[in-house]
Protein chains: 4
Amino acid sequence: MTVRFAILGAGRIGQVHARAVASVPGAKLVAIAEPVAAAAEAARMAFGCEIRSIDACSTAKDIDAVVICTPTDTHADLIEQFARAGKAVFCEKPVDLDVARVKQALATVAREKATLMVGFNRRFDPDFMAVKAAIDAGKLGTVEMVTIISRDPGAPPHDYITRSGGIFRDMTIHDFDMARWLLGEEVETVIASASVLTDPKIGALGDYDSVNVILRTASGRQAIITNSRRATYGYDQRIEVLGSKGMAAAKNTALANIVTADAAGFHEPPLLDFFMTRYTAAYANEIAAFVAAIADGAPTPTTGQDGLMALVLAEAALLSVAEGRAVQVADVTD
Amino acid sequence: MTVRFAILGAGRIGQVHARAVASVPGAKLVAIAEPVAAAAEAARMAFGCEIRSIDACSTAKDIDAVVICTPTDTHADLIEQFARAGKAVFCEKPVDLDVARVKQALATVAREKATLMVGFNRRFDPDFMAVKAAIDAGKLGTVEMVTIISRDPGAPPHDYITRSGGIFRDMTIHDFDMARWLLGEEVETVIASASVLTDPKIGALGDYDSVNVILRTASGRQAIITNSRRATYGYDQRIEVLGSKGMAAAKNTALANIVTADAAGFHEPPLLDFFMTRYTAAYANEIAAFVAAIADGAPTPTTGQDGLMALVLAEAALLSVAEGRAVQVADVTD
Amino acid sequence: MTVRFAILGAGRIGQVHARAVASVPGAKLVAIAEPVAAAAEAARMAFGCEIRSIDACSTAKDIDAVVICTPTDTHADLIEQFARAGKAVFCEKPVDLDVARVKQALATVAREKATLMVGFNRRFDPDFMAVKAAIDAGKLGTVEMVTIISRDPGAPPHDYITRSGGIFRDMTIHDFDMARWLLGEEVETVIASASVLTDPKIGALGDYDSVNVILRTASGRQAIITNSRRATYGYDQRIEVLGSKGMAAAKNTALANIVTADAAGFHEPPLLDFFMTRYTAAYANEIAAFVAAIADGAPTPTTGQDGLMALVLAEAALLSVAEGRAVQVADVTD
Amino acid sequence: MTVRFAILGAGRIGQVHARAVASVPGAKLVAIAEPVAAAAEAARMAFGCEIRSIDACSTAKDIDAVVICTPTDTHADLIEQFARAGKAVFCEKPVDLDVARVKQALATVAREKATLMVGFNRRFDPDFMAVKAAIDAGKLGTVEMVTIISRDPGAPPHDYITRSGGIFRDMTIHDFDMARWLLGEEVETVIASASVLTDPKIGALGDYDSVNVILRTASGRQAIITNSRRATYGYDQRIEVLGSKGMAAAKNTALANIVTADAAGFHEPPLLDFFMTRYTAAYANEIAAFVAAIADGAPTPTTGQDGLMALVLAEAALLSVAEGRAVQVADVTD
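Conventions we followed
Residues numbered from 1 in each chain as written. Chains lettered and ligands numbered in written order. Predicted model: local features only at pLDDT ≥ 70, side-chain atom pairs only at ≥ 80, totals over all residues. Helix = DSSP H or I, 4+ residues; strand = E, 2+ residues; numbered from the N terminus. Contact = placed C-beta atoms within 7 Å. Nonpolar A, V, L, I, M, F, W, Y, C, P; charged D, E, K, R; others polar. Pairing = 2+ DSSP bridges. Axes fitted to C-alpha atoms, helices over the stretch in contact; angles between N-to-C directions. Parallel < 35°, antiparallel > 145°, perpendicular 65-115°, else oblique. Least-squares fit on C-alpha atoms with pLDDT ≥ 70 in both. Domains from an automatic or database assignment. Expected span 1.5 Å × (residues − 1). Buried ≥ 20, exposed ≤ 12 C-beta atoms within 10 Å, placed from the backbone.

## Structural notes on unusual backbone geometry
Residues and elements named next belong to chain A. The omega torsion across Lys 93 and Pro 94 is -10 degrees, close enough to zero to call that bond cis. In this fold, Pro 94 is placed in the loop between strand S5 (88-92) and helix H5 (99-111). We note that Lys 113 has phi near 50 degrees; this positive angle belongs to a residue other than glycine.

## Looking at the interface of chain B and chain C
On the chain C side, the residues contacting the 11 residues of chain B number 11 residues. Of all the secondary structure elements, the ones that give two or more residues to the side of chain B that touches chain C are strand S13 (258-262) and strand S14 (265-268) of chain B. For the side of chain B that touches chain C, the per-class residue count stands at six nonpolar, three polar and two charged. Relative to strand S14 (residues 265-268) of chain C, S14(B) runs antiparallel, the two sharing three bridges. Bridging across to S14(C), Glu268(B) finds its partner in Phe266(C).

## Things to note about the packing of helix H4 (residues 72-84) of chain B against helix H5 (residues 99-111) of chain B
Residue and element names in this part refer to chain B. Between H4 and H5, the shortest axis-to-axis distance is 9 Å and the interhelical angle comes to 5 degrees. One way to sum up the angle between H4 and H5 is to call them roughly parallel. Within the contact between the two elements, H4 uses Ala 76, Ile 79, Glu 80 and Ala 83 and H5 uses Arg 101, Val 102, Ala 105, Thr 108 and Val 109.

## Examining the sheet that holds strand S6 (residues 116-119) of chain B
Residue and element names in this part refer to chain B. Across the sheet, six strands lie side by side as S3-S2-S1-S4-S5-S6; this open sheet has parallel pairing. Among the strands making up the open sheet, the edge pair consists of strand S3 (50-51) and S6. Across four bridges, strand S5 (residues 88-92) lies against S6 in parallel orientation. When the bridges of S6 are listed, Glu 92 appears paired with Gly 119. Packing of helix H11 (residues 280-296) onto the sheet brings it into contact with strand S1 (3-8), strand S2 (27-33), strand S4 (65-68), S5 and S6, and relative to S1 it is tilted by some 130 degrees.

## Points about the sheet that holds strand S1 (residues 3-8) of chain D
All names here are of chain D. In space, the six strands of this open sheet follow the order S3-S2-S1-S4-S5-S6, with parallel pairing throughout. Single-partner strands in this sheet number two, and they are strand S3 (50-51) and strand S6 (116-119). Bridge count between strand S2 (residues 27-33) and S3: two bridges; the pairing is parallel. Considered in S3, the bridge of Ile 32 is made with Ile 51.

## Some details on the relation of the copies chain B and chain C
If you rotate chain B by 180 degrees and push it 0.0 Å along the axis, it lands on chain C with an RMSD of 0.0 Å. Classification of the inter-copy transformation places it as that of a two-fold axis. For chain B, the minimum C-alpha distance to the rotation axis belongs to His267(B) and amounts to 2.3 Å. Same-surface contact between copies: 100% of interface residues of chain B are shared with the interface of chain C.

## Examining the domain arrangement of chain A
Residue and element names in this part refer to chain A. According to the domain assignment, chain A consists of domain 1 (3-114) and domain 2 (123-278 + 310-333). A straight line from the C-alpha centre of domain 1 to that of domain 2 covers 27 Å. Contacts between domain 1 and domain 2 engage eight residues on the former and nine residues on the latter. Among the elements of the structure, helix H1 (12-23) and H5 are those that each provide at least two residues to the side of domain 1 that touches domain 2. In the side of domain 1 that touches domain 2, the residues fall into five nonpolar, one polar and two charged.

## Observations concerning H1(A)
Because an α-helix completes one turn every 3.6 residues, residues spaced three or four positions apart along the sequence face the same direction. The end-to-end C-alpha distance of H1(A) is 17 Å, a good match for the 16 Å that 12 residues give at a rise of 1.5 Å each. For H1(A), the set of buried residues is Ile13(A), Gly14(A), Gln15(A), Val16(A), His17(A), Ala18(A), Ala20(A) and Val21(A).

## As for the interface of chain B and chain A
Taken together, the 28 residues of chain B in the interface contact 28 residues of chain A. Those elements giving two or more residues to the side of chain B that touches chain A turn out to be strand S7 (143-151), strand S8 (187-195), strand S9 (210-217) and strand S10 (222-228) of chain B. Residues that form the side of chain B that touches chain A fall into these classes: 12 nonpolar, 12 polar and four charged.

Structural data, given as structure tokens:
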């Protein structure tokens, strides 16, 4: 069985997914929907697929699945449209910046018995998967403490920040999902701290660029997340899990796996520059997992509920910063 | 000039300091005060020094300086006794478990114009000093985020825990001092989270074994501290500083600097087992710095005020856990 | 311009190249020639290309270039056939096991003004390229000493060994080429030592499994190569270059970039298992370089002469082992 | 029992040994013999010991053992003088630059039933000991290939080179001993290559600065040694052993165990600068082993025979370079 895809949006992340679909056996890229003519034409040339409108994709007989890579404020509508059209839906995070709207979209998906996978690409990174496999194999014993160090090489453009929902919903959201995945228990309490250190304009836009978060589960497991919008040495992506029997950690990936030495000491290249290069394999694995779930009629490895819970943790973190207190997740979800 | 020392207490840490004094040029170990006869005799044999009473040490003409390694509840009294006796005083942390008593002792020291250095040995570790030197040389630009991962190989005996003042005052206190030193600004706000994960008896004693703390300064710099009383792979001691221009981190130290490989992969030995082996050089450097300050009539690199501030942060962390809120340091110091 | 390819031979390395051709922009896989019906059918299914005879490929109008992945003893004949047919030729190493036959084939290529690239895939590995770039950028100063540690995870089947021409012509030949590339000067003298340590049957077949070689250039630069047919921990591929100003080294690549720790210490996964996984990027880069050279009418980055010189060094090494002496390369080439 | 020491020669290595004797329990530094008055006085001040003549040391009742740190051409005579005087003798390598003279001195030692330990300090380095322990514990299976990368930070002064016996007898001699120790079998064949690359004056003095050596045992085990007199990044000291079951390697030691990062990538400090700092622990362990052997009446862990065999390998290497051939060790020893 070949799963036939349309990709909605041919921007940066749309191209990443188009490449992933092209590289995954059992998947075929049929069409891209992209309103900007030049971008559409570039995508057509690069991927050799058709250009169609979104509506044409949703009614097409030769399309089984859709990857939503359009701006965030269209996600929930498109999820509902394609769920109703009987297509399997893969949506980039977040489903929406508003918790209530997310719940509404998920309700539609449930009603339509549609397949919805939310894009938490990092769960599909080979190194992070190897850490998770070590946990699942019992090598760490009981998970106790998770440490996530996640730093972007630089802040996004100011207009992106304006539309992003803020650092917790845009950047930390990946780490919230990673923490949930690694902790193996739902988070009960969120404590967060946030500053503006790299660029005062980010503060002027009402956002932060430097945040730390502590998450706690009912049994007392804890995760700590440290984020910065600036790391001069590249895209810093580390996870570490401490358990009763031991520890597992994923290391960073450099531009090249070499070392040079001179009178000043030893030198290694900077890290890969951002998510498109760092998570190439993860994006391909993610689409492969989506394809496999469709082919097998099995649940997708990440779900709309995962998308909701990560957003809820972001809401709780914002509230914690605003009120200077530990926030119960239950208070946000209700 | 040779600084002549008495060491008060010949327990584990007393022996560490006796060895340090013996190895530092310009320092001479004259006497040890130790009430347990067998321990006193062992120390006499090992270090070739006299055994005297504490009072004899404080009145002796041939003693210039004293290292206080007795139980915590005697520290403040001994600091005052030896400050009044005109001796330079080096006291192991903490000065006292009670903030008010610490302030009182510091007032006595100030009144006597005595020299008091509080033992934050980690500031004298060669690797941590190299990180600090990178900061001071401007290599990192402005310090923004500090990350401290500090895990003991195992919890201390239950009766030690009872007398310790709890994990924040006993273990995290070192990390509080390290954070103050690396942040380069005083901490304004403390947020903490604490669990019991390694041993329920620790909880029964009213203490925690797994804690995370976020510290924030007035300008928004942040430090994150993660502590556990258990790390099966050894004494885990890492610091990392992110600045506007770059990052600096101290790595762990293993039992041997080797790697072996077989069909299961690559293997390196566990970490050094605890502070006596991990910080051998730090303890010697610390005493050398104390000796140098005495010889030069210069301020000591760590002070009674440093001891007070670390304790205050521990108080604030306890309060934060108890009340589930961010605690202003000013509220605790006043 | 799109370069249209035929691949001769659908064995292990033929499939590697088919995948590489499929992934390189500007290249198109038109046909595979494979005499074994089942293998041909599998290749057709996997790559969606036609199956043709070798002769049909050489006369086809819709084929511009050929990748020769057939058994070694057919390489020279096929190079000549396709050079005469006006196709650009990429041939897996070695051109032939016999120096005279190689020279003859290269003469035919020269006469036909044909394009011939010999497959030394390691020159296209991103890490090794980064080491070479450091040299070319002058970071090491004058190159003085090259160290190549190259170990296979296990020996090939005995019947492969019989046909392989022996370890120097089959395995070390890659390191000879790497040494020439890194030394930046032609090798003048070869000294080699060889033993049978991993499997006595290899000795019974007249081959070795453990060899060390020292190469020296006219100006006294030296390279040292150490090879073993067994490394339990995976495919060990390291290069290191010492120059007057500093050093550069490429590190190994593990199955995952993680570390776990327990009471026994720290553990990392074994290395990638062999050349198909270790050099995936190198094979793609290699074909891309071939395609670029054809498209630009430029010389290929590796040539028939490179193939010849690596074989000559293998001959010299064999002679050095046999006679227990340093062998002048000039004595072998004449 | 306390072993009472005299040290002959208060130069660089004499001071290293004086410090080692002072730090080893069970050893006592009684006297130093040093003809240069200023150096003698400095040693007396630094170590608080007496200054005596060599002859006074050899006849003294209060001296049990002697450490010979005088110029090489006095070693053999002093070994014989102190062996006859009934002192335990520790002699820095080499015993003499002439094989026949070494044999003569060892014969005297044997006749006198004296204790003689030759200083191959690297066998006592904790990291190298851990590699050896892995071999001895059977973790590597049968040892097959040893790789030693050993580079000095810079060449010694020209007048030292003149007296040194050349790079093989002065520098490689340590690696020859290390190879013998790790191979676990005597070397049968030596093949060497030598160039002058760092300083033409070294060539004018008849010496080399860049050498590679291959050693082979009767069963075919091989060791490869690569030496350079220049490494801009510090004192490069690596050993690696490949066996039938796996591999073990000792890593280098840097000035500090930290990493910094910036837009140019990751940086670590240079290596320790030379043997006095790199092998501090090894020198102390070495003297401790000497003291233990004396106290137990046991054989010393390194012997005069070890000193002889390392020198023989140096002779064989020189002959191999001169004649461009593999040299049988038996031809040099006879």
